[in-house]
Amino acid sequence: MKDILDVHTHTAFSGHAYSTLRENISAAKAAGLELLGISDHAPKMPGSCHDFYFLNLEVVPRDAYGIKLVMGAELNILDYSGSTDLPAQILKKLDYAIASLHRPCIDPGSVEENTAAIIGAMRNPHIVIIGHPDNPNYPVDFDKIASAAKENHVLLEVNNSSYKPTGYRTGSRKNAKLMLKACQKHGAAIIMGSDAHIDFDVGNHKFSQEVLQENNFPEELVINSDAARFFEYVSYRKKLAPSERRI
């Protein structure tokens, strides 16, 4: 499977990651990627960036390093209605956003509550990807999530970090089978993400690819082979955002 993009990576600014922007870029180039996304954790994650970090991302050149670069954020879903921790005026400045459920920011709820949280986040037009939705710490209704992802033109992530034998989302691989079956049923597309917290993992989708192969998931529903497909999702979602009011 052709795999030329990774848009779920973190730098040291996330607070619990260990590499710089340049180190991630260098690793992405060495891995043969054509597109790299930096998605540092949004402010409610303990130790992560202040709002000002995300407000100033316009200073980062997107084409100056010999690789296409996009700058986004991994938002924290904060409640069961799907609220997240960056306001619209900041989100519109980002190239894209991922939204995820994280224990420091929201307690696991019931299947119905967790499902509602994710579907609620999908209604935010700046959110393009739902991060690690197969996390067993937050049980969900995969049929409803896959249907909503298809309807809202949102990507569900197959998160490489979740499937590592040393990872802390134990049980994700089993849940992935259910998620991918639901995605096939509804025609919902997925994206592989490394969730790299150190440059050595940038572009590493080894375990994600194993999961896709084990479940005979169709390549046409995996967008990692074509950066243009990723930008099509971004463009579609951005167009849903309300226009700025002009006087």
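Here's a quick rundown of the structure. (Residues numbered from 1 in each chain as written. Predicted model: local features only at pLDDT ≥ 70, side-chain atom pairs only at ≥ 80, totals over all residues. Heavy atoms only, no water.)

1. Here we look at the side chain of His153
Going by this rule: Helix numbers and strand numbers start at the N terminus; a helix is a DSSP run of H or I with at least 4 residues, a strand a run of E with at least 2. Whenever two N or O atoms come within 3.5 Å, that pair is a polar contact, provided that in protein one can donate a hydrogen and the other can accept it, and provided that, for residues adjacent in sequence, both atoms are side-chain atoms. Only heavy atoms matter for contacts: two residues are in contact if any of them lie within 4.5 Å across the pair.
Structurally, His153 can be placed in the loop between helix H5 (142-152) and strand S6 (155-159). Here the side chain of His153 touches Glu232 through a polar contact of 3.0 Å, side chain to side chain. Contact partners of His153, with chain neighbours within four places excluded, come to Glu232, Tyr233, Tyr236 and Arg237.

2. Topic: the sheet that holds strand S2 (residues 35-41)
For the record, the criterion: When DSSP finds at least two bridges between two strands, those strands are taken to pair.
Spatial ordering of the open sheet is given by S1-S2-S3-S4-S5-S6-S7, a layout of seven strands whose pairing is parallel. Here the strands that pair on one side only, and so sit at the sheet edges, are strand S1 (5-6) and strand S7 (190-193). Bridge count for S6 against S7 is four bridges, and the pairing is parallel. Looking across to S7, one finds that Val158 is bridged to Met192.

3. Here we look at the pattern of salt bridges
The cut-off we apply is this: Between Lys or Arg on one side and Asp or Glu on the other, a salt bridge is scored when a side-chain nitrogen of the former is within 4 Å of a carboxyl oxygen of the latter. Think of it in three bands: with a 1.4 Å probe and only protein chains considered, a residue is buried below 20% of the maximum accessible area for its type, exposed above 50%, and partly exposed in between.
Under the defined criterion, the tally for this structure stands at seven salt bridges. In this structure, Asp63 engages Lys68 in a salt bridge whose closest nitrogen and oxygen atoms are separated by 3.7 Å. For Arg169, the salt bridge is made with Asp195, and the minimal N-O distance between the two is 3.3 Å. Taken as a pair, Arg169 in the loop between S6 and helix H6 (172-186) and Asp195 in the loop between S7 and helix H7 (206-214) lie far apart in primary sequence, 26 residues in all. Here Arg169 and Asp195 have matching classes, each one buried. Residues participating in the shared-partner salt-bridge network are Arg173, Glu210 and Glu214.

4. As for the nonpolar core
Stated precisely, the cut-off is as follows: Throughout this description, the term nonpolar core refers to a set of buried Ala, Val, Leu, Ile, Met, Phe, Trp, Tyr and Cys residues connected via side-chain atoms within 4.5 Å.
Counting 60 residues, the largest nonpolar core has Phe54, Leu86, Met122, Ile130, Leu156 and Ile190 as the members making the most contacts within it. Once you skip the residues sitting within four places of it in the chain, Met122 turns out to touch Ile130, Ile145, Ala148, Ala149, Asn152, Val154, Leu156 and Arg237. Listed in part, the 17 residues of the second largest apolar core include Leu155, Ala189, Ile191 and Val234.

5. Here we look at empty space enclosed by the protein
Note the threshold: Cavities and pockets are defined on a 1 Å grid built over the protein atoms alone: a cavity is a set of grid points where a 1.4 Å probe fits but cannot escape, while a pocket is an open set with protein on both sides within 12 Å along at least five of seven lines, and lining residues are those with an atom within 4 Å of any such point. Grid points are joined across faces, edges and corners, and a volume is the space filled by probe spheres set on the points. Under the scheme applied here, ten amino acids are nonpolar (Ala, Val, Leu, Ile, Met, Phe, Trp, Tyr, Cys and Pro), four are charged (Asp, Glu, Lys and Arg), and all others, including Gly, are polar.
Within this structure, the stated rule accounts for one cavity of 30 Å³ or more. If you add up the space inside the largest cavity, you get close to 50 Å³. Forming the boundary of the largest cavity are Ser100, Leu101, Ile118, Ile130, Gly131, His132, Pro133, Asn135 and Tyr138. Of the residues in the lining of the largest cavity, the class split is five nonpolar, four polar and no charged.

6. What to know about the layout of surface pockets
When its volume is computed, the largest pocket comes out at roughly 440 Å³. Forming the boundary of the largest pocket are 26 residues, of which His16, Ser161, Tyr168, Arg169 and His197 lie nearest the centre. Of the residues contributing to the lining of the largest pocket, the split by class is eight nonpolar, twelve polar and six charged.

7. Brief notes about the environment of Glu232
Position of Glu232 among the secondary structure elements: in helix H8 (residues 227-238). Relative accessible area serves as the criterion here: at 38%, Glu232 is assigned to the partly exposed category.

8. A few points about the state of the cysteines
Heads up, the condition is: Count a disulfide wherever a pair of cysteine sulfur atoms falls within 2.5 Å.
Applying the stated criterion across every chain, the model contains zero disulfides. Between Cys105, a free cysteine, and Cys49, which holds the nearest cysteine sulfur, the sulfur-to-sulfur gap is 13 Å.

9. Things to note about the packing of aromatic side chains
Any aromatic ring pair is given by two values, namely how distant the centres are and how the planes are angled relative to each other. The line we're drawing: In summary, the pairing rule links any two rings of Phe, Tyr or Trp, Trp by its six-membered ring, whose centres are within 6.5 Å, and it sorts them by plane angle into stacked for under 30 degrees, edge-to-face for over 60 and tilted for everything else.
Tallied over the full model, the rule gives four aromatic pairs. Ring plane angle 90° and centroid distance 4.8 Å describe the contact between Tyr53 and Phe54, whose orientation is recorded as edge-to-face. With centroids separated by 5.7 Å and ring planes inclined at 80°, the aromatic side chains of Tyr96 and Phe230 adopt a geometry described as edge-to-face. Here Tyr96 is found in strand S4 (residues 96-100), whereas its partner Phe230 is found in helix H8, with 134 residues between them in sequence. When its relative accessible area of 0% is taken as the criterion, Tyr96 is described as buried. Overall, Phe230 belongs to the buried group, its relative accessible area being 0%. Among the aromatic residues, ring-to-ring pairing joins Phe13, Tyr53 and Phe54 into one connected group.

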